[in-house]
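Analysis of the macromolecular model
Listed below, chain by chain, are the residues.
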Amino acid sequence: MAEAPREGKLTRFLDFTQLMDLASESVGGKILFATDDFFAPAENLIKSDGPSFKEHEYTEFGKWMDGWETRRKRKPGHDWCVIRLGIPGIVRGFDVDISYFEGNHPPRMSIQAANVEEDKLPKIPERGVRTGAEATPEEFAAVAELKSNDWNHLVPMTELKPGKPAESHNYFLVNSPQRWTHIRLNIFPDGGIARLRVYGTGQKDWTAMDPKEPEDLVAIAFGGVCVGFSNAHFGHPNNMIGVGEAKSLADGWQTARRLDRPPILESDDSGTLLVPGCEWAVFRLAHPGVITQIEIDTRCFKGNSPDSCKVDGCILTTQEEEDMIKHKWILPAHKWKALLPVTKLSPNQSRLFDSLTVELQDVITHARLTIIPDGGVSRLRLRGFPSSICLLRHREKPPLRFSVTAGFRANL
């Protein structure tokens, strides 16, 4: 079990709980099969919100529980379920949360995974309302075609440790570079689990990209990830590169108010505040490429958006990135190239800007968003073309030569 990062503390990108939950219902995750849903259906496992407890609420089948809970098994075997990830990708870690299930949690569990193309999936019956039910022979026959018992084990059979709700998270680090589309959660032999979080980054097939249409090269669904930041007191920067539009303040990056801001604020002739400090976040792109369009979205941040921002980019190898993490991203100024100069922002508004790199020759691997002096941003989109596409696109000027060291890995 890994220790969970604490809110407001600087954490490295290897703290996988700050990554996207690939299985969440909010990104399209779906329960395909469960052996039993007697007390509570497996769909609760992938709810986007945290589990709750209603002390005096009961159903016709027993105590109401916010999780997946099977009946006490009285026949050979064990319970398990299959989840289709909403975003296929590379799994970095799991959180098996057994909050409120002390006394009813499974003693042990394991997690398996597979990469199954959509057109090769068997036709599994739709689940419908499941409370009080168990899998039918027809459902068992359909899911058997997946041969999920033979899937790769990402977490071997492991004991689960209960505790108070805040201490009932069982964290498991995963070191697998493969792309996964489906997860099988096994519980031994039966019991209840509140939530299963499958943390990781998406992985995109860049060869299938339309060379005429820019893509969001920093999207976490494609493999982008935050690798450093100055402050994340109210929300992690990975939220900015998440899926879809932000739903609330909790779905963006928000810093604490800087303590070095002047007692009385002043601005220059352009209206930009004159303040000494700033906050920043650095991202590794999902694929090296050229940024042609930048979107800064402050929707939901009505009284706490930044005054202004800027965006820079650079090329770094894997070793250079690791060195930068150790030195808290104190990077020589000549390494960074401007993508967006200091630009005034407005509250609760999405703005689109053209990047300064218009010749499709300034390939970068990393981007840095700087906000002045502090505040919140809901979404950051860096649209452009991966380096392989750039080589194929027509240019009016002779291309500049560039290279990215082989040590760079686009999907860590």
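**Details of the pattern of salt bridges**
Evaluated as defined, the whole model comprises 26 salt bridges. The salt bridge involving K204 is made with E215; its shortest N-O contact spans 3.4 Å. Remark: E215 occurs in strand β13 (residues 215-216) and K204 occurs in the loop between β12 (195-202) and β13; sequence separation between them is 11 residues. Of the residues examined, E215 reaches a relative accessible area of 22% and is grouped as partly exposed. Where R299 meets D297, a salt bridge forms, and the shortest distance between an N and an O atom there is 2.8 Å. Using a relative accessible area of 2% as the deciding quantity, one classes D297 as buried. Put simply, D37, E43, R127, R130 and E139 are held in one network by salt bridges that share partners.

**Observations regarding the packing of aromatic side chains**
Inspection of every chain in the model, using the stated rule, returns eight aromatic pairs. Judged by centre distance (5.3 Å) and plane angle (70°), the rings of F33 and F140 are edge-to-face. Of this pair, F33 sits in strand β2 (residues 30-34) while F140 sits in helix α1 (residues 137-144), and the two are 107 residues apart along the sequence. Residue F33 is classed as buried on the basis of its relative accessible area, which comes to 2%. Over the ring of W80 we find R184; its NZ or CZ atom is 3.7 Å from the centre of that ring.

**Points about the side chain of D97**
Topologically, D97 is positioned in strand β6 (residues 79-97). Here S99 takes part through its side chain, which lies 2.6 Å from a polar atom of the side chain of D97. In contact with D97, other than residues within four places in its own chain, are P51, S168, H169, I193, A194 and R195.

**Thoughts on the environment of W180**
As for its position among the elements, W180 is in strand β10 (residues 180-188). Overall, the relative accessible area of 2% leaves W180 in the buried class. Expressed as a C-alpha distance, the spacing of W180 and I87, which sit 93 residues apart in the sequence, is 9.1 Å. What W180 contacts, discounting residues up to four positions off in sequence, is L85, P88, G89, V91, A113, A114, N115, N152 and L154. A polar atom in the side chain of W180 sits 3.3 Å from the side chain of S176.

**Brief notes about the nonpolar core**
Judged by nonpolar contacts, the single largest core of 68 residues is most densely connected at F94, L196 and I296. Contacts of L196, omitting those with residues within four sequence positions, involve D21, L45, I83, F94, D95, V96, I111, I183 and L185. Among the nonpolar cores identified, the runner-up in size contains 15 residues, and L19, C314, L316 and M324 belong to it.

**Quick notes on unusual backbone geometry**
The peptide bond linking F188 to P189 adopts the cis configuration, its omega dihedral lying at -10°. Among the secondary structure elements, P189 is positioned in the loop between β10 and β11 (192-193). A cis amide bond links I372 with the next residue in sequence, P373, at an omega value of -10°. Checked against the element boundaries, P373 lands in the loop between β20 (364-372) and β21 (376-377). Its identity as a non-glycine residue notwithstanding, C300 has a phi of 85°, on the positive side. Within the fold, C300 resides in the loop between β16 (279-297) and β17 (308-314). At N348, a position not held by glycine, the phi torsion is positive, near 50°.

Rules and cut-offs
- Residues numbered from 1 in each chain as written.
- Predicted model: local features only at pLDDT ≥ 70, side-chain atom pairs only at ≥ 80, totals over all residues.
- Heavy atoms only, no water.
- Salt bridge = Lys/Arg side-chain N within 4 Å of Asp/Glu carboxyl O.
- Helix = DSSP H or I, 4+ residues; strand = E, 2+ residues; numbered from the N terminus.
- Buried < 20%, exposed > 50% of the residue type's maximum accessible area, 1.4 Å probe, protein only.
- Phe/Tyr/Trp six-rings, centres within 6.5 Å; stacked < 30°, edge-to-face > 60°.
- Lys NZ or Arg CZ within 6 Å of the ring centre and 35° of its normal.
- Polar contact = N/O pair within 3.5 Å; in protein donor to acceptor, adjacent residues only side chain to side chain.
- Contact = heavy atoms within 4.5 Å.
- Core = buried A, V, L, I, M, F, W, Y, C linked by side-chain atoms within 4.5 Å.

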